[in-house]
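# A look at the structure
Below, each chain spelled out in residue letters.
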Amino acid sequence: MNTALVRKRLVIGNWKMHGTRASNAALLTGLCAGVAVVHDCDLAVCAPFPYLAQVSSSLAGSGISWGAQDISKHEHGAYTGEVSSTMLGDFGCKWTLVGHSERRTLHGESDQLVADKAVSAIKAGITPVVCIGETFAEQEAGRTNEVISRQLAPVLALGAQSLSQMVLAYEPVWAIGTGLTATPQQAQDVHAFIRAQLSELGVPQVRILYGGSVKASNAVSLFAMSDIDGALVGGASLVAEEFLRIAAA
Ligand code: PGA
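What comes next is a walk through the structure. (Residues numbered from 1 in each chain as written. Predicted model: local features only at pLDDT ≥ 70, side-chain atom pairs only at ≥ 80, totals over all residues. Heavy atoms only, no water.)

The subject of this paragraph is the overall build of the chain. Each helix and strand counted, the chain has 12 helices and eight strands in total. A globule of 249 residues ought to have a C-alpha radius of gyration of about 18 Å, and the chain, at 17 Å, matches this closely. Taking the principal axes of the C-alpha coordinates as reference, the chain spans close to 45 × 45 × 40 Å. Counting across all 249 residues of the chain, residues that qualify as buried make up 51%. The distance from the centre of the 17 positive side-chain charges to the centre of the 21 negative ones in the chain is 4 Å. (Helix = DSSP H or I, 4+ residues; strand = E, 2+ residues; numbered from the N terminus. Rg over C-alpha atoms; globule rule 2.2 N^0.38 Å. Buried < 20%, exposed > 50% of the residue type's maximum accessible area, 1.4 Å probe, protein only. Lys, Arg positive; Asp, Glu negative; His and termini not counted. Charge placed at Lys NZ, Arg CZ, Asp CG, Glu CD.)

This paragraph deals with unusual backbone geometry. Of note, the phi angle at Lys16 is positive, near 50°, even though the residue is not glycine. The phi dihedral of Ser213 falls on the positive side, at around 55°, and the residue is not glycine. Tracing the sequence through the fold places Ser213 in the loop between β7 (207-211) and α11 (216-223).

Here the focus is the nonpolar core. Core analysis: the largest hydrophobic core is formed by 62 residues, its most contacted members being Val11, Leu31, Leu43, Ile194, Leu198, Tyr210 and Ile246. Beyond its immediate sequence surroundings of up to four residues, Leu31 is in contact with Val45, Ile64, Ala240, Phe243 and Leu244. (Core = buried A, V, L, I, M, F, W, Y, C linked by side-chain atoms within 4.5 Å. Contact = heavy atoms within 4.5 Å.)

Once that is clear, we can look at the pairing of strand β5 (residues 127-132). With six of six residues buried, β5 lies mostly within the body of the structure. Burial along β5 is two-sided: Thr127, Val129 and Cys131 and Pro128, Val130 and Ile132, pointing in opposite directions, are all buried. Summarising the sheet, strand β4 (residues 95-98) and β5 pair through four bridges and their orientation is parallel. By the bridge assignment for β5, Val98 is matched with Val130. Judged from the four bridges that link them, β5 and strand β6 (residues 167-170) form a sheet pairing that is parallel. Looking at the pairing, Ile132 lines up with Tyr170 of β6. (Pairing = 2+ DSSP bridges.)

At a minimum axis distance of 10 Å, the contact between helix α2 (residues 21-34) and helix α3 (residues 52-59) shows a crossing angle of 25°. Compared by their axis directions, α2 and α3 come out roughly parallel. In terms of crossing hand, the pair formed by α2 and α3 is right-handed. Contacts between α2 and α3 involve Arg21, Asn24, Ala25, Leu28 and Cys32 from the first element and Gln54, Val55, Ser58 and Leu59 from the second. Partitioned by chemical class, the residues of the contact of α2 with α3 number five nonpolar, three polar and one charged. (Axes fitted to C-alpha atoms, helices over the stretch in contact; angles between N-to-C directions. Parallel < 35°, antiparallel > 145°, perpendicular 65-115°, else oblique. Left-handed = near helix turned anticlockwise from the far one by under 90°. Nonpolar A, V, L, I, M, F, W, Y, C, P; charged D, E, K, R; others polar.)

A separate point is the packing of aromatic side chains. Applying the stated criterion across every chain yields a total of one aromatic pair. Above the plane of the ring of Trp95 lies Lys94, whose end atom (NZ or CZ) is 5.0 Å from the centre. (Phe/Tyr/Trp six-rings, centres within 6.5 Å; stacked < 30°, edge-to-face > 60°. Lys NZ or Arg CZ within 6 Å of the ring centre and 35° of its normal.)

Attention now moves to the sheet that holds strand β8 (residues 230-233). Taken together, eight strands build a closed barrel; the order of strands is β1-β2-β3-β4-β5-β6-β7-β8 and the barrel is parallel. The sheet shows a mean angle of 25° between the axes of neighbouring strands, taken without regard to direction. Running at roughly 155° to β7, helix α10 (residues 184-200) makes contact with β5, β6 and β7 of the sheet. Relative to strand β2 (residues 41-46), helix α12 (residues 240-248) is tilted by about 145°, and along the sheet it contacts β1 (9-14), β2 and β8.

Attention now goes to the site of the ligand. Taken together, 13 residues lie near the ligand, and Lys16, His100, Glu171, Gly177 and Ser213 sit nearest. Contact distances for the ligand include 2.7 Å between an oxygen atom and a side-chain N or O atom of His100. Between Glu171 and the ligand, the recorded distance is 2.7 Å, taken from a side-chain N or O atom to an oxygen atom. Burial of the ligand by the protein chains amounts to 95% of its free accessible area of 280 Å². (Near = heavy atom within 4 Å. Polar contact = N/O pair within 3.5 Å; in protein donor to acceptor, adjacent residues only side chain to side chain. Areas by Shrake-Rupley, 256 points an atom, 1.4 Å probe, with all protein chains shown as cover.)

Glancing now at the pairing of β7. Judged by how many residues are buried, β7 sits mostly within the fold: five of five residues are covered. Where burial is concerned, the two faces of β7 agree: the one with Arg207, Leu209 and Gly211 and the one with Ile208 and Tyr210 are both buried. The handedness of the β6 to β7 crossover, carried by α10, is right-handed. Looking at chain direction, β7 and β8 are connected through two bridges and run parallel. Paired with Gly211 across the strands is Leu232, a residue of β8. You can see the chain leave β7, run along α11 and come back into β8, and the turn it takes is right-handed. (Right-handed = clockwise from strand over helix to strand, strands pointing away.)

Next comes the structure, spelled out in structure tokens:
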């Protein structure tokens, strides 16, 4: 089976902590108006919690789905400030990022916690987008594969059944928000390394997105790589036209 053929392209916007009701309305209107240029690609946006209701209603019927940027690993209970996957599932949430490097770095999220969050999402019928990636220092030291393997270990340990309900996103930390992008070949090498591990577990069809300063101008060359199945887009997802051009690439 040629798994490249069964892996539909996926482009997800990560709005991070940006937006107001007014700016979101303009962005969402732009996305809905322009989405017809996108073919054979799943498209989604992950917005801050307070705006999910706005995103959900504005995107209804557009073919663009929506998700959260994080979830709790707990289903409910005394966890002030947390939001559970059960709650998000209640609103029809389709995706959630887990383990974004900003959460790992700024909030000390461990590899195991990220895997636990992925499990929680799957239980609620939400597809976790598990983010992994090495820092600049780790890359310089030639430790990329070692770091990726360590981050992936508790996720791969969940087994084929769970893995088949996930998406992975390779985001080298040094490329996030910096304007530096991994070259298509650098990204492909890491994606192929991840794909080999998925194949060993019998799930080569799991989609692997690339993230880190993806723009319309570099999307075509990244998407030309055989193991890059789409993109997780930060800054460029805040401009409707740019985001749609990436998805159309
Ligand atoms: P960027 O962010 O596209 O702004 O580099 C990507 C991400 O953090 O998901």
